[in-house]
Every structure is written in C-alpha cells, then in structure tokens.
Amino acid sequence: SGALAREGEMSRQGVLVSRKKGDGKIEKELFSPESLKQNFLSVTNGRTIIAIAAGTASGILGLTGVQGALGYLIAQALFSSVLVFKLGLKYQPYFASWRQICVDGLFSSVTTYILFWTLAYNSVHVF
C-alpha cells in the first residue's frame, strides 16, 4: 500500500504515476522529472553544506571516533527534520517519496564531512 508504480504514460509536462490506496482506489499524480531532479540536487547540495558546517564544528569541538561519527548523523537528521518541517509534512508536490528526503544521499557527503572534520581538528588541536 502506497507503493508507486509508473503507468508508462508520459506527457510533455511530466510522468503520470499511480498509487493504490489502502481502500483499493487508484490515485494518479503528475510529476515533472525536471523538477524532481532539481529538488533532489537541492537536497544533495544542502547535505553537502551541512556536512561542511558539521565537520568544521566537530573538529573545533575536538570530537573524535564515535562522537565525531554521531555528529555527522545528528547533523544530517536535523537537516532532514528541518526540511520536513519546511515542507509542512507534504512532500508530494516536491518529491516522489519520503525516502528522497530522509534517506537518499545521506552518505554522499561523508567524505566532505571527514575532510573538514580532520582539517578543523588538526588546525585547532594539533598545530
């Protein structure tokens, strides 16, 4: 229930997607692939910026090991929470599923976080 299935119908403006509801009714929605792609890129860019800020903060605070890893996960969870709050719990006009907001791209900026985490840590605590 709630799984998306492409109907294969495509118009110049978007893709028609249907969803079977719990009561057996089929609900159809029109999605613009270009808009969905742009929204996904915006979330990815936001996650990268959060990774830079959180990595720098973690390094300055002197977090190491598991504490530093938790710093990344907490920062990304806060980012997803703020995004959900800003959307007003209505993702449909902007994303195809909640997964695109909360899970997709979650670990795409881990290396950026580690880079800024170690750079800030070494700058403040080692040198």
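Source: prediction; values computed, not measured.

How would you explain helix H4 (residues 110-126) if you had to name every residue and give the values?
Here H4 is 17 residues long and its end C-alpha atoms lie 22 Å apart, about the 24 Å a rise of 1.5 Å per residue gives. Turning to H4, its buried residues number three or more, namely Tyr113, Trp117 and Ala120. Seen end-on, H4 carries its buried residues on one side only, within an arc spanning 80 degrees. Away from its buried face, by an angle of more than 90 degrees, H4 presents the exposed residues Thr111, Leu115 and Val126. On its buried face, H4 is in contact with helix H1 (33-61) and helix H2 (65-87).

Break down the nonpolar core for me, citing the residues and quoting the values.
One finds Val43, Phe79, Leu83, Val84, Leu87, Tyr91, Phe95 and Ile101 forming the largest nonpolar core, which totals 8 residues. The greatest single-element share of this core, amounting to 4 residues, is contributed by H2. In this structure Val84 touches Leu89, Trp98, Ile101 and Cys102, once residues within four positions along its chain are discounted. Within the second largest apolar cluster, 6 residues are counted, among which are Ala51, Ala54, Tyr113 and Trp117.

About the thresholds
- Residues numbered from 1 in each chain as written.
- Predicted model: local features only at pLDDT ≥ 70, side-chain atom pairs only at ≥ 80, totals over all residues.
- Heavy atoms only, no water.
- Helix = DSSP H or I, 4+ residues; strand = E, 2+ residues; numbered from the N terminus.
- Expected span 1.5 Å × (residues − 1).
- Buried < 20%, exposed > 50% of the residue type's maximum accessible area, 1.4 Å probe, protein only.
- Arc of directions from axis to C-beta.
- Contact = heavy atoms within 4.5 Å.
- Core = buried A, V, L, I, M, F, W, Y, C linked by side-chain atoms within 4.5 Å.

None of the figures reported here should be taken as evidence of function without further support.
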